[in-house]
Amino acid sequence: MNFKKYLVLLAMGFALVGCNRVQPIKEVVNAPVAFNIPAASVKQAIIESGIDRGWIMTETTPGVIRGELFVRSHRAVIDIPYNDKSYSINYVESENLMESGGKIHRNYNRWVNNLDVDIRKKLAVLAAASQ
C-alpha cells in the first residue's frame with residue numbers, strides 16, 4: 001500500500017514540474033559586437049540569422065530590425081536595435097504564448113535564445129575574417 005502512495009506522489013510531482021511552462025521574458029541587452037565590424041554587417045548578420053530560424057525580418061527604422069515568428073497558432077514579435085558596438089533583442093508582443101506579468105511560454109525564450117546564439121556565431125565569423 002505504501003508503494004502505491006509513493007508512486008502517486010511521484011507522478012504528481014512530475015505533473016507539477018511539467019506545468020511550469022511560463023518563465024520570465026528573455027531579453028538580450030547590449031550584447032557586444034567585436035571591433036572592426038561595421039553596422040551594415042551587424043544588420044546583415046541579424047537578418048540572416050533570423051531568416052535561417054524562420055523569423056520574418058524587416059528593418060523598421062535605421063538601426064532597428066523587427067522580427068516576427070509564426071509557429072502553428074503562436075506569434076512572437078521582437079525588436080532588435082543594433083549598431084557597430086552592440087545589439088539587443090526586445091520583446092514587443094505575442095499571441096497564444098501566455099504572456100502576462102513579465103512572463104511568457106518557455107518556447108518564446110528558446111526561440112530568442114536560438115536567435116541570439118546564431119547572431120553571435122555570425123558576428124564571430126565576421127570578426128575572425130576581419131583580422
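Just above, that's the structure.
Residues numbered from 1 in each chain as written. Predicted model: local features only at pLDDT ≥ 70, side-chain atom pairs only at ≥ 80, totals over all residues. Heavy atoms only, no water.

Caption draft 1: A look at helix α3 (residues 106-129). Given a rise of 1.5 Å per residue, 24 residues ought to cover 34 Å, and the 35 Å separating the end C-alpha atoms of α3 matches this to within 8%. The set of residues buried in α3 consists of N107, Y108, N109, W111, V112, L115, D116, D118, I119, L123 and A127. (Helix = DSSP H or I, 4+ residues; strand = E, 2+ residues; numbered from the N terminus. Expected span 1.5 Å × (residues − 1). Buried < 20%, exposed > 50% of the residue type's maximum accessible area, 1.4 Å probe, protein only.)

Caption draft 2: Molecular detail of the side chain of N109. Structurally, the position occupied by N109 is in helix α3. We classify N109 as buried; its relative accessible area is 8%. A polar atom in the side chain of N109 sits 2.9 Å from the backbone oxygen of P24. When neighbours within four sequence positions are excluded, N109 is seen to be in contact with Q23, P24, I25, K26 and I104. (Polar contact = N/O pair within 3.5 Å; in protein donor to acceptor, adjacent residues only side chain to side chain. Contact = heavy atoms within 4.5 Å.)

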